[in-house]
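Here is what each chain is made of, one letter per residue.
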Amino acid sequence: MRMNMNTVQTAVIQLLQIYMGMDDCVDTFPKQVDWAEVYELAVKHNIGGILYTAIRKLPEQECVPKDIQKDLQVHFYASVSRSKEQDMRMVQVMECLNQKKIFHVLMKGWVLKRYYPIPELRTMGDIDFLIWEEDRQRTHEALLQLGFLCTSDTGFVWCYEKGNTILEVHSRIVSQKVGRGADTEQYYLDAVSHTEKARGEYTLCFIKEYHLVYLFVHAAKHFQYAGYGLRGQLDFALFIEKYGNELDWDYIWQELEKLGLSAFARATLTLCKEWFGTKIDFLPMQMEAENYEKMKEIIFAGGVYGYCGRNMEASQVRDQLEGAEKSDLKTLKWKAMIKMIFPDRQYMRMYLKNVEKHPSLLPAAWVIRWYQAIFKRGSRNTQRMKQFLSVDEGVREEYTLLKELDLLQ
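An account of the accompanying structure is given in this report. Only a predicted model underlies this, so the values are computations on that prediction, with no experimental measurement involved.

## Describing a nonpolar patch on the surface
- Where nonpolar side chains cluster on the molecular surface, the patch consists of Ile338, Ile341, Phe342, Val367, Trp370, Tyr371, Ile374 and Phe375 and spans about 820 Å² of accessible area.
- For the nonpolar patch, the elements supplying multiple residues, two or more each, are helix 14 (329-341) and helix 16 (362-375).
- No other element matches the five residues that helix 16 contributes to the nonpolar patch.
- Relative to the helices and strands, isoleucine 374 resides in helix 16.

Set out below in structure tokens:
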């Protein structure tokens, strides 16, 4: 059995509660805290600015080291500065796309930050928005005119940069299967149809219930691959706090059931209740205690999207356990490696788009990928092989958790 959260983790959760306005937590704040570890978690989860504002509400006798306060203050001002730049650039993008009559749907971080007590502290690595595929070229030209540099123009997500602002422009918001239910990619092909006006004639946002379901899909996608962090958990808590009883939970649960994500959603909301006192009635997730603690461990350990200190090939090996739970680890690694060398055509669309409709092109797509792997990403692939070899039996614990959450394919 795993131990419950340690003092540092408890302190971080209580600081997030204080940020949310749960000021009674100040009186129960742990007396002995390793503030260096608190700072390490703050950096890993990109919540340094948030923790800085919460620490300022603690009584003076808490004696937070001055150097820690100063370091967190740097994160606070950096978050505010970057947020203001992102806001300025994104307003320009929206105005430009409205002028050119290009529909675009705001989602995820850009929308969620408005629900935070201090919006500028909800950090975003990039700004995501959705367009129609037929508007791809016009959107591309508009962003170039605004001075953005296109850094990736393949697949369903094109990326752009200007200063400290990164845009991810989607023509599909999901391009893979998530969970055991309906085909998630097909489910979201008509995503633009589930919108309402947000700003101007052509700037849209998702209807709130549809957006919340999508946030569960997005979190599940990351969790089944590597994990997601405290910021994601805070997103759910503040989204629900924002709308309260306005949300149509019958619709939300109906869609989550359809997608096969109700178990994951219930586990996520159980955590929201435990950590942030989220007020919502739902059928609690009756998880095995070890799996519930493992879920917490993954959320704390990996940072925003689970990538920190993570063996990214572990999920590839873990997925081979489905239907082969008694296989030895060496066999699982070989299966995962073969799949890595010969991916399916859904994955290969980013290398050769027509492979989706013409399976016979798959060998050609593999050749393109192998060429790029050898001559453009040689050292990176060497590292991947090392990670494959270092995967340990811990993948069986993750498999058990994901099986209980219905996140296995």
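## Structural notes on the sheet that holds strand 3 (residues 149-152)
- Taking strand neighbours across the sheet as the criterion, the seven strands line up as 3-4-5-2-1-7-6 in an open arrangement whose pairing is mixed. Looking at the sheet topology across the chains shown, the edges are occupied by strand 3 and strand 6 (195-199). Neighbour-to-neighbour, the strand axes of the sheet open up by a mean angle of 35°, direction not taken into account.
- Where strand 6 meets strand 7 (residues 203-206), four bridges bridge the pair, whose relative direction is antiparallel. Looking at strand 7, one finds that lysine 197 is bridged to leucine 204.
- On the sheet, helix 4 (residues 66-99) packs against strand 1 (104-106), strand 2 (127-131), strand 4 (157-162), strand 5 (165-170), strand 6 and strand 7 and is oriented at approximately 40° with respect to strand 5.

## Focus on the packing of aromatic side chains
- Overall, the coordinates contain 22 aromatic pairs when judged by the stated rule.
- Considering the side-chain rings of phenylalanine 76 and tyrosine 77, the 5.1 Å spacing of their centres and the 80° angle between planes classify their relative orientation as edge-to-face.
- According to the relative accessible area criterion, phenylalanine 76 is buried, its value standing at 17%.
- In this structure, arginine 114 packs its charged tip against the face of tryptophan 110, placed 4.2 Å from the ring centre.
- Stacked on the ring of phenylalanine 148, the Lys or Arg lysine 162 has its end atom at 6.0 Å from the ring centre.

## Some words on empty space enclosed by the protein
- Scanning all chains against the criterion turns up two cavities of 30 Å³ or more.
- Its volume calculated, the largest cavity comes out at about 50 Å³.
- Along the walls of the largest cavity sit Phe223, Ala226, Ile298, Arg310, Arg318, Glu398 and Leu402, which together make up its complete lining.
- The computed volume of the second largest cavity comes to approximately 30 Å³.
- If you trace the second largest cavity, you find it lined by Ile173, Val174, Val178, Tyr214, Val217, His218 and Lys221.
- Tallied by class, residues from the lining of the second largest cavity come to five nonpolar, one polar and one charged.

## What about the nonpolar core?
- Tyr188 and Phe223 are the most contacted members of the largest nonpolar core, which totals 126 residues.
- Tallying contributions element by element places helix 8 (residues 208-225) first for this core, with 10 residues.
- Residues within four places of tyrosine 188 in sequence aside, it is in contact with Ile173, Val174, Tyr210, Val213, Tyr214, Val217 and Leu259.
- In terms of nonpolar packing, the next biggest core, distinct from the first, is built from six residues, Tyr351, Val355, Leu362 and Ala365 among them.

## Notes on the pattern of salt bridges
- Within the structure shown, the criterion is met by 17 salt bridges.
- For lysine 108, the salt bridge goes to aspartate 128, with nearest N and O atoms at 3.4 Å. Of this pair, lysine 108 sits in the loop between strand 1 and helix 5 (109-112) while aspartate 128 sits in strand 2, and the two are 20 residues apart along the sequence.
- Look at lysine 108 and you get buried, because its relative accessible area is 10%.
- Among the ionic pairs, arginine 396 bridges to glutamate 393, the shortest N-O distance being 2.5 Å.
- The class of arginine 396 is partly exposed, set by a relative accessible area of 24%.
- Look at the salt bridges and you will find they share partners, linking Glu274, Glu293 and Lys296 into a network.

## A short note on the packing of helix 12 (residues 289-301) against helix 18 (residues 394-404)
- The interhelical angle for the contact between helix 12 and helix 18, taken along N-to-C directions, is 105°, at an axis separation of 10 Å. Taken together, helix 12 and helix 18 sit at an angle that is classed as roughly perpendicular. For the pair formed by helix 12 and helix 18, the contact residues are Asn291, Lys294, Met295 and Ile298 on the first element and Glu397, Glu398, Thr400, Leu401 and Glu404 on the second.
- Each residue belonging to the contact of helix 12 with helix 18 can be placed in one class, and the counts come to three nonpolar, two polar and four charged.

## What to know about helix 8
- The end-to-end C-alpha separation of helix 8 is 26 Å, in line with the 26 Å expected for 18 residues at 1.5 Å each.
- Among the 18 residues of helix 8, 15 are classified as buried, and the element is accordingly described as predominantly covered.
- Phi turns positive, to about 130°, at glycine 227, one or two residues after helix 8.

What counts, and where the lines are drawn
- Residues numbered from 1 in each chain as written.
- Predicted model: local features only at pLDDT ≥ 70, side-chain atom pairs only at ≥ 80, totals over all residues.
- Heavy atoms only, no water.
- Patch = residues over 30% accessible without salt bridge, like charges linked within 9 Å, V, L, I, M, F, W, Y side chains within 5 Å.
- Areas by Shrake-Rupley, 256 points an atom, 1.4 Å probe, with all protein chains shown as cover.
- Salt bridge = Lys/Arg side-chain N within 4 Å of Asp/Glu carboxyl O.
- Helix = DSSP H or I, 4+ residues; strand = E, 2+ residues; numbered from the N terminus.
- Pairing = 2+ DSSP bridges.
- Axes fitted to C-alpha atoms, helices over the stretch in contact; angles between N-to-C directions.
- Contact = heavy atoms within 4.5 Å.
- Phe/Tyr/Trp six-rings, centres within 6.5 Å; stacked < 30°, edge-to-face > 60°.
- Buried < 20%, exposed > 50% of the residue type's maximum accessible area, 1.4 Å probe, protein only.
- Lys NZ or Arg CZ within 6 Å of the ring centre and 35° of its normal.
- 1 Å grid on protein atoms, 1.4 Å probe; cavity = no way out; pocket = protein on both sides within 12 Å on 5 of 7 lines; lining within 4 Å.
- Points joined across faces, edges and corners; volume = space filled by probe spheres on them.
- Nonpolar A, V, L, I, M, F, W, Y, C, P; charged D, E, K, R; others polar.
- Core = buried A, V, L, I, M, F, W, Y, C linked by side-chain atoms within 4.5 Å.
- Parallel < 35°, antiparallel > 145°, perpendicular 65-115°, else oblique.
- Expected span 1.5 Å × (residues − 1).

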